[in-house]
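Report on the structure
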Amino acid sequence: MPRLILFLFGCAICYQGYHLYYGEQGIKRQEELAKQIEYQERVNQRLKHRNQALRAQVGDLRQGEEAVEEHIRTELQYIKDGEVFYRIVEK
């Protein structure tokens, strides 16, 4: 009889240990969630920096023609009359 109780007690401890580690809210799941949170925070930080750059660009575009001209020159390679454009091509 004591062996049966000891065996059942051991089985109960193993069962509880398994659920503590692998269960729905176990240690393993918490580690996975922590990694997901860390990844999402990195993504959010990158997006925050991108949004700040876009806000700055929108602010520059709203300020005046100089910002619009600068944007046209860099994005569309606009050249004013009297300017010479040099393109350097790598071999």
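Residues numbered from 1 in each chain as written. Predicted model: local features only at pLDDT ≥ 70, side-chain atom pairs only at ≥ 80, totals over all residues. Heavy atoms only, no water.

A word on the pattern of salt bridges
Going by this rule: Counted as salt bridges are all cases of a side-chain nitrogen of Lys or Arg within 4 Å of a carboxyl oxygen of Asp or Glu. Helix and strand assignments follow DSSP, with helices taken as H or I runs no shorter than four residues and strands as E runs no shorter than two, numbered in order from the N terminus. Each residue is placed in one exposure class: buried if its accessible area under a 1.4 Å probe, protein chains only, is under 20% of its type's maximum, exposed if it is over 50%, and partly exposed if it falls in between.
A complete count under the given rule lists 2 salt bridges for this structure. One salt bridge connects E32 with R29, and the closest N-O pair in it is separated by 3.8 Å. Placement of both E32 and R29 in helix α2 (residues 27–63) is noted, with a separation of 3 residues, approximately one turn of the helix. One salt bridge connects R42 with E38, and the closest N-O pair in it is separated by 3.2 Å. You can see R42 and its partner E38 sitting in helix α2, 4 residues apart, about one turn around the helix. The class for R42 is partly exposed, based on a relative accessible area of 41%. Look at E38 and you get partly exposed, because its relative accessible area is 46%.

Remarks on a nonpolar patch on the surface
Quick reminder of the rule: Each patch groups residues whose relative accessible area exceeds 30% and which form no salt bridge, using 9 Å between like charges and 5 Å between nonpolar side chains of Val, Leu, Ile, Met, Phe, Trp and Tyr. Where accessible areas are quoted, they stem from the Shrake-Rupley method and a 1.4 Å probe; at the residue level, only the protein chains shown are allowed to cover.
A surface patch of nonpolar side chains, amounting to about 590 Å² of accessible area, comprises M1, L4, I5, F7 and L8. Along the chain, L8 turns up in helix α1 (residues 2–22).

Considerations on the confidence of the model for the protein chain
The criterion, for reference: Each residue carries a pLDDT value, the predictor's own confidence for that position, ranging from 0 to 100.
Confidence along the protein chain averages 85 in pLDDT terms, with 100% of residues attaining 70 or more. Of all the helices and strands in the protein chain, helix α3 (residues 65–76) carries the lowest mean pLDDT, 76, while α2 carries the highest, 91.

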